[in-house]
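Observations on chain architecture
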Amino acid sequence: MTVTEQRTAVDFAREVRNLLEVRYPHAEKVVLVMDNLNTHKPAALYQAFEPTVARSSSSGWRFTTPPSMAVG
């Protein structure tokens, strides 16, 4: 992952696209586990790219967040 000065939705979308198209282009499935930062949403792809690119980038992976570790 790339460290940026800000954590914008566009930065996030570029990283996701880089993961899918450059680092793991032949992966059948990518599961991205992340925190609940407000920019970590599929909509970020549509902010950064044209709809056809956003759709193709979002088809090869699944969003998930880890379960809460809070003790109740």
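Above: the structure in question.
Sequence order as written defines residue numbering, which begins from 1 separately in each chain. The predicted origin of the model limits local features to residues at a pLDDT of at least 70 and limits the giving and counting of side-chain atom pairs to 80 or more, whereas totals for whole chains, interfaces and linings rest on all residues. Values shown for side chains rest on all heavy atoms present in the structure; no hydrogens or waters enter the calculation.

**Section: the overall build of the protein**
- A run of H or I in DSSP counts as a helix once it spans at least four residues, and a run of E counts as a strand once it spans at least two, with each numbered from the N terminus. Scanning the protein for helices and strands turns up three helices and two strands.
- Listing the helices and strands of the protein from first to last along the sequence gives α-β-α-α-β.
- Note on exposure labels: buried denotes an accessible area under 20% of the residue type's maximum, exposed denotes more than 50%, and partly exposed covers the range between, all computed with a 1.4 Å probe on protein chains only. A burial count over the protein gives 24% of its 72 residues as buried.
- Long-range pairs, those at least 24 residues apart, make up 69% of the contacts in the protein between residues at least 6 apart in sequence.
- Surface accessibility of the protein: about 5500 Å² in total, with carbon and sulfur atoms responsible for 53%. By the convention used here, residues are in contact when the closest approach between their heavy atoms is within 4.5 Å. Each accessible area is a Shrake-Rupley estimate made with a 1.4 Å probe; only the visible protein chains count as cover when residues are assessed.

**Examining the packing of aromatic side chains**
- Stacked, edge-to-face and tilted are the three classes for Phe, Tyr and Trp ring pairs, Trp counted by its six-membered ring, which pair at centre distances within 6.5 Å; planes under 30 degrees apart are stacked, over 60 edge-to-face, the rest tilted. Throughout the structure, instances matching the rule amount to zero aromatic pairs.
- Taking NZ or CZ as reference, R17 lies 4.8 Å from the ring centre of F49, over its face. Geometrically, a charge over a ring is one whose NZ (Lys) or CZ (Arg) sits within 6 Å of the ring centre while staying within 35 degrees of the ring normal.

**What about the nonpolar core?**
- To form a nonpolar core, buried Ala, Val, Leu, Ile, Met, Phe, Trp, Tyr and Cys residues must be joined to one another through side-chain atoms within 4.5 Å. With 13 residues, the main nonpolar core has F12, A13, V16, L32, A44 and L45 as its most contacted residues.
- Sorting elements by how many residues they give to this core places helix 1 (residues 9-23) first, with six residues.
- Dropping the residues within four chain positions of it, A44 is found in contact with A9, F12, A13 and T39.

**Focus on the pattern of salt bridges**
- Here, a salt bridge means any Lys or Arg side-chain nitrogen found within 4 Å of an Asp or Glu carboxyl oxygen. For the structure shown, the criterion picks out one salt bridge.
- A salt bridge links R17 to E21; the nearest nitrogen and oxygen atoms lie 3.1 Å apart. Taken together, the residues span about one helical turn, with R17 and E21 both in helix 1 at a distance of four residues.
- With relative accessibility at 27%, the residue R17 sits in the partly exposed group.
- Take E21: its relative accessible area is 43%, and that puts it in the partly exposed class.

**Some words on the environment of N18**
- You can see N18 is positioned in helix 1.
- Overall, the relative accessible area of 28% leaves N18 in the partly exposed class.
- Taking C-alpha positions, N18 is 9.9 Å from T2, a pair spaced 16 residues apart along the chain.

**Some thoughts on the environment of R14**
- Counting through the fold element by element, R14 comes out in helix 1.
- For the pair R14 and T2, spaced 12 residues apart in sequence, the C-alpha separation works out to 9.6 Å.

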